[in-house]
Amino acid sequence: MASEPMSPARRKQLIAGLVVGALVGVGISLWTGFWLWFAAGLAVGLAAGALMRPPAE
């Protein structure tokens, strides 16, 4: 299987997942006072961005 370059829609989706995950992680970190929620938010955002199907162009 040849390695194909990442499409712009897929790249935007991963970036959006990371941004949303970072915002949620920061919010929960500030609310609970436990800084590792930020890393958990990033991980969940990245996973959600990677698993979701990109929108049709």
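Analysis parameters
Residues numbered from 1 in each chain as written. Predicted model: local features only at pLDDT ≥ 70, side-chain atom pairs only at ≥ 80, totals over all residues. Heavy atoms only, no water. Helix = DSSP H or I, 4+ residues; strand = E, 2+ residues; numbered from the N terminus. Rg over C-alpha atoms; globule rule 2.2 N^0.38 Å. Contact = heavy atoms within 4.5 Å. Areas by Shrake-Rupley, 256 points an atom, 1.4 Å probe, with all protein chains shown as cover. Axes fitted to C-alpha atoms, helices over the stretch in contact; angles between N-to-C directions. Parallel < 35°, antiparallel > 145°, perpendicular 65-115°, else oblique. Left-handed = near helix turned anticlockwise from the far one by under 90°. Nonpolar A, V, L, I, M, F, W, Y, C, P; charged D, E, K, R; others polar. Expected span 1.5 Å × (residues − 1). Buried < 20%, exposed > 50% of the residue type's maximum accessible area, 1.4 Å probe, protein only. Arc of directions from axis to C-beta. Patch = residues over 30% accessible without salt bridge, like charges linked within 9 Å, V, L, I, M, F, W, Y side chains within 5 Å. Salt bridge = Lys/Arg side-chain N within 4 Å of Asp/Glu carboxyl O.

(A) Examining the overall build of the protein chain more closely. If you tally the helices and strands in the protein chain, you get two helices and zero strands. For the protein chain, the C-alpha radius of gyration of 14 Å lies well beyond 10 Å, the compact-globule estimate for 57 residues. Its C-alpha atoms give the protein chain principal-axis dimensions of roughly 45 × 25 × 15 Å. Pairs at least 24 residues apart make up 61% of the contacts formed inside the protein chain by residues separated by at least 6 positions. Accessible area of the protein chain: about 4,600 Å², with a carbon and sulfur share of 75%.

(B) Region of interest: the packing of helix α1 (residues 8–32) against helix α2 (residues 36–51). Running from N to C, α1 and α2 cross one another at 155 degrees; their axes reach a closest spacing of 7 Å. With respect to each other, α1 and α2 are oriented roughly antiparallel. You can see that α1 and α2 cross each other, and the crossing is right-handed. The residues of α2 that touch α1, namely those facing Arg10, Gln13, Leu14, Gly17, Leu18, Gly21, Ala22, Gly25, Val26, Ile28, Ser29 and Thr32, are Trp37, Phe38, Gly41, Leu42, Gly45, Leu46, Ala48, Gly49 and Ala50. In terms of residue class, the contact of α1 with α2 is built from 11 nonpolar, nine polar and one charged.

(C) Fine view of α2. The end-to-end C-alpha distance of α2, which contains 16 residues, comes to 23 Å, matching closely the 22 Å that a straight helix rising 1.5 Å per residue would cover. Taken together, the buried positions of α2 are Gly41, Gly45 and Gly49. On an axial view of α2, the arc spanned by its buried residues comes to 60 degrees, and they lie on one face. Looking at α2, the residues exposed on the side facing more than 90 degrees away from the buried face are Val44 and Leu51. The inward-facing, buried residues of α2 abut α1.

(D) Local environment of a nonpolar patch on the surface. Residues Val20, Val24, Ile28, Trp31, Phe34, Trp35, Leu36 and Trp37 make up a contiguous nonpolar surface patch of roughly 920 Å² in combined accessible area. Contributions of two or more residues to the nonpolar patch are made by α1 and α2. Sort the elements by how many residues they give to the nonpolar patch and α1 lands first, with four residues. The exposure class of phenylalanine 34 is partly exposed, given its relative accessible area of 44%.

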